[in-house]
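Close look at the chain arrangement
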Amino acid sequence: AASVIVAAGLVAVAPAPAGAAVSLRSVVPAPASVQPAAGVTHTLAPGAAIRTAPAAQAQAVGTYLAGILRPSTGYALPVSTTTGTPTDGIALLLSGADPSVGAEGYQLDVTASAITVRAQTPAGLFYGVQTLRQLLPAAVEARTVQAGPWEVAGGRIVDRPRYGYRGAMLDVSRHFFGVDVVKRYLDEISQYKINTLHLHLSDDQGWRIVIDAWPRLATYGGSTQVGGGPGGYYTKAQYTDIVAYAAARHITIVPEIDMPGHTNAAQASYAELNCDNVAPPLYTGTEVGFSSLCVGKEVTYTFVRQVLTELAALTPGPYLHLGGDEAHSTSAADYRTFMNRVQPFAGALGKTVMGWHQIGQADHTPGKVAQFWGTTTSDADLTAAVSKGAKVVMSPANKAYLDMKYTPETPLGLSWAGLIEVRTAYDWDPATLLPGVPASAILGVEAPMWSETLTRLSDIEFMAFPRLPALAEIAWSPQSARTWDDFRVRLGAQGPRWTAQGISFYRSPQVPWA
Ligand code: TNX
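About the criteria used
- Residues numbered from 1 in each chain as written.
- Predicted model: local features only at pLDDT ≥ 70, side-chain atom pairs only at ≥ 80, totals over all residues.
- UniProt positions renumbered as here; feature names shortened; annotations may be inferred.
- Buried ≥ 20, exposed ≤ 12 C-beta atoms within 10 Å, placed from the backbone.
- Helix = DSSP H or I, 4+ residues; strand = E, 2+ residues; numbered from the N terminus.
- Core = buried A, V, L, I, M, F, W, Y, C linked by C-beta atoms within 7 Å.
- Domains from an automatic or database assignment.
- Pairing = 2+ DSSP bridges.
- Axes fitted to C-alpha atoms, helices over the stretch in contact; angles between N-to-C directions.
- Near = placed C-beta within 6 Å.
- Nonpolar A, V, L, I, M, F, W, Y, C, P; charged D, E, K, R; others polar.
- Parallel < 35°, antiparallel > 145°, perpendicular 65-115°, else oblique.
- Left-handed = near helix turned anticlockwise from the far one by under 90°.
- Contact = placed C-beta atoms within 7 Å.
- pLDDT = per-residue confidence, 0-100.
- Arc of directions from axis to C-beta.

As annotated in an unreviewed UniProt entry, the protein carries the name beta-N-acetylhexosaminidase and comes from Asanoa siamensis. Quoted verbatim from the Catalytic activity (unreviewed entry) field of UniProt, the annotation for the protein is "Hydrolysis of terminal non-reducing N-acetyl-D-hexosamine residues in N-acetyl-beta-D-hexosaminides."

Quick look at helix H13 (residues 467-476)
The periodicity of an α-helix, 3.6 residues per turn, causes residues three or four places apart in sequence to face the same way. Counting buried positions along H13 yields 10 of 10 residues, so the element is predominantly enclosed. Within the sequence span of H13, burial applies to Arg 467, Leu 468, Pro 469, Ala 470, Leu 471, Ala 472, Glu 473, Ile 474, Ala 475 and Trp 476.

Overview of the nonpolar core
Leu 170, Val 392, Leu 468 and Leu 471 are the most contacted members of the largest nonpolar core, which has 157 residues in total. Looking at this core, you find at least three residues from each of domain 1 (4-159) and domain 2 (165-291 + 319-329 + 355-480).

Focus: the sheet that holds strand S8 (residues 114-118)
The seven strands are arranged S3-S9-S7-S8-S6-S4-S5 in an open sheet whose pairing can be described as mixed. Because the sheet does not close on itself, it has two edges, and the strands there are strand S3 (33-43) and strand S5 (79-81). Across the sheet, the mean angle from the axis of one strand to that of its neighbour is 20 degrees, orientation sign disregarded. Bridge analysis of strand S7 (residues 106-110) against S8 gives four bridges, and the strand direction is antiparallel.

So, the site of the ligand
If you check the shell around the ligand, you find Val 288, Asp 325, Glu 326, Trp 356, Trp 373, Tyr 401, Asp 403, Leu 414, Trp 450 and Glu 452 and nothing else. Partitioned by chemical class, the residues of the shell around the ligand number six nonpolar, no polar and four charged.

A closer look at the pairing of S7
The element S7 is extensively covered by neighbouring structure, given that four of its five residues are classed as buried. Here S7 pairs with strand S9 (residues 151-159) via five bridges, running antiparallel. Of the residues in S9, the one forming a bridge with Val 110 is Gly 155. What sits between the antiparallel neighbours S7 and S8 is a turn of three residues.

A few points about unusual backbone geometry
The omega torsion of the bond from Gly 148 to Pro 149 falls at -5 degrees, within 30 degrees of zero and hence cis. Structurally, Pro 149 is set in the loop between helix H2 (122-135) and S9. The omega torsion of the bond from Met 259 to Pro 260 falls at 0 degrees, within 30 degrees of zero and hence cis. As for its placement among the helices and strands, Pro 260 is situated in the loop between strand S14 (252-259) and helix H6 (264-269). The phi torsion at Lys 193 lies on the positive side, around 70 degrees, for a residue other than glycine.

A few points about the packing of helix H3 (residues 179-190) against helix H5 (residues 236-247)
Axes are the key here: two packed helices are described by the angle between their axes and the distance separating the axes. Look at H3 against H5: their axes get within 10 Å of each other, and the N-to-C directions meet at 10 degrees. For the element pair H3 / H5, the angle class is roughly parallel. Crossing angle aside, the handedness with which H3 passes H5 is right-handed. Between H3, through Val 179, Val 182, Lys 183 and Leu 186, and H5, the contact on the second element is made entirely by Gln 238, Asp 241, Ile 242, Tyr 245 and Ala 246. Its residues placed into classes, the contact of H3 with H5 shows six nonpolar, one polar and two charged.

As for the domain arrangement of the protein
By domain assignment, the protein separates into domain 1 (4-159) and domain 2 (165-291 + 319-329 + 355-480). Counting residues at the interface gives nine residues for domain 1 and 11 residues for domain 2. Here the side of domain 1 that touches domain 2 takes four residues from H2, the largest share from any one element. Grouping the amino acids of the side of domain 1 that touches domain 2 by side-chain chemistry returns eight nonpolar, one polar and no charged.

Topic: the sheet that holds strand S18 (residues 391-394)
Spatially, the eight strands close up into a barrel ordered S10-S11-S14-S15-S16-S17-S18-S19, and their pairing is parallel. In this sheet, neighbouring strand axes are inclined to one another by 30 degrees on average, regardless of whether the strands run parallel or antiparallel. By the bridge criterion, three bridges tie S18 to strand S19 (residues 442-449) in an arrangement that is parallel. In the sheet register, Val 393 faces S19, and the bridge partner there is Gly 444.

Some remarks on the confidence of the model for the protein
Close inspection of predicted coordinates is inappropriate for parts of the model with low pLDDT. Confidence along the protein averages 96 in pLDDT terms, with 96% of residues attaining 70 or more. Per-element confidence in the protein is highest for strand S11 (residues 196-200), whose mean pLDDT is 99, and lowest for strand S1 (residues 4-7), whose mean pLDDT is 38. Low pLDDT, under 50, characterises residues 1-12; the predicted model gives this stretch 19 contacts beyond four residues in sequence or across chains. The complex prediction reports pTM at 0.96, with the ipTM value standing at 0.95.

As for the environment of Leu 320
Along the chain, Leu 320 turns up in strand S15 (residues 319-323). Setting aside chain neighbours within four positions, we find Leu 320 in contact with Pro 255, Leu 308, Leu 311, Ala 312, Ala 346, Lys 351, Val 353 and Met 354.

A short note on helix H14 (residues 484-492)
Inspection of H14 places Phe 487, Arg 490 and Leu 491 among the buried residues, and these make up the whole buried set. Looking straight down H14, one finds its buried side chains confined to an arc of 100 degrees; they lie on one side.

Thoughts on the environment of Ala 439
Here Ala 439 is to be found in the loop between helix H11 (422-426) and S19. Looking at Ala 439, the number of C-beta atoms within 10 Å reads 10, which means it is exposed. C-alpha of Ala 439 to C-alpha of Val 392: the two residues are 47 residues apart in sequence and 9.6 Å apart in space.

A word on the pairing of S19
Of all eight residues that make up S19, eight are buried, and the element is covered over most of its length. Across six bridges, the pairing between strand S10 (residues 165-171) and S19 is parallel. When the sheet's bridge partners are listed, Leu 170 is paired in S19 with Met 449.

Right, here's the structure in full:
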């Protein structure tokens, strides 16, 4: 195993001994199919080139790969395009992949002479590159030159995702996290083939995105957070920067504006959003369920329509997440009235409605996605949503919530949905967890990170690692290709990579850390 020396913030990872290339099977998430070639090893040559298909997005994946490999190898790794099949170096090609890879999969071939990733799309190439990265020694993740050799085990991987929606969520409302933190989290989750980041942009404690028609939402509603700190918000340019940074990692941003509850920050900013025309004070506690937009007032719908219009214009992805959870201060009748009125705004803007599973109380809209966050194995609102035609994203709080404590001793996090050690996060099947929901209704899996107790990047990392990779494997790998006993060993091998990347993580005693 590689040894790690941490001194004065610099990380040096000792080289793995020659001839000890990472096993072709030691990848998270587990690939659909792996065929090692016994005795074959590729050693990256100092003069190796990266050649890509001519498409701009394929070149971009090549440049991204070079950005990972250059600092630690010290190699030049020039990136150029090709219309052929290179016989040396690294090639990223948009032809010749096994057809089973589909729209997001890839085929990786490692021979003594060349490393070749083939896919049908740039996204597939990107995921192939994430796999290749894990097959190189952990020291490749360091940002200073490390000793090689840079060996990769020979063989073929043919891989494709189980689910099309593989998500993470970050609550930037309870505590605000700036653009740099979001970008860093995007870097971290993209390694595990996550393709969606849901941003919880509004809640009782803060409004985090500029809306020109309602400027006080950000300037006043965004001026604090849990505990009373300064809060913050994204300008439109900053949000656009996040969207672009995510897109470069083949990640779609799903913005959430929570309604009709979780709206104190908006109601504090504008008196007219309250039924009594009195703006409440800003809120810095952690209670839920006390706020509601005024369902009977016309201005409420003008507000929602204008907010969603500006948000849709900034968001290339297909979804607008309307929240809809814990509206405990809204009557059931008002909830339906409100949701049935605002859901069509999304459709009119060319977007699809997503909501927490309570949104099943409202009428169906085309393509609707209900996000299950319950802790039981049946839920009337979710069943209603599915029976009307909704698809489901699975975020069962007692398995997928990254803000739950690992053990009673975990210094951060909550425990209302239970304690979630790594095995608990890993050992479930989205297709069978809810007997009343057919497997065909499941769109994918999302790992939410609520931030009542989290104030900095290292807090986010400590809660996400190692559970986020566990949930990513559930979302990507075939159920038949994954077992806990195998996963825990592959996961343990990720530890030195996180150390080299400076990721703070929980050293779960359930995992044999390398
Ligand atoms: C429940 S999950 C909430 C959030 C909290 C979270 C804390 C959901 C849709 N609502 O408001 O932040 O629990 O774990």
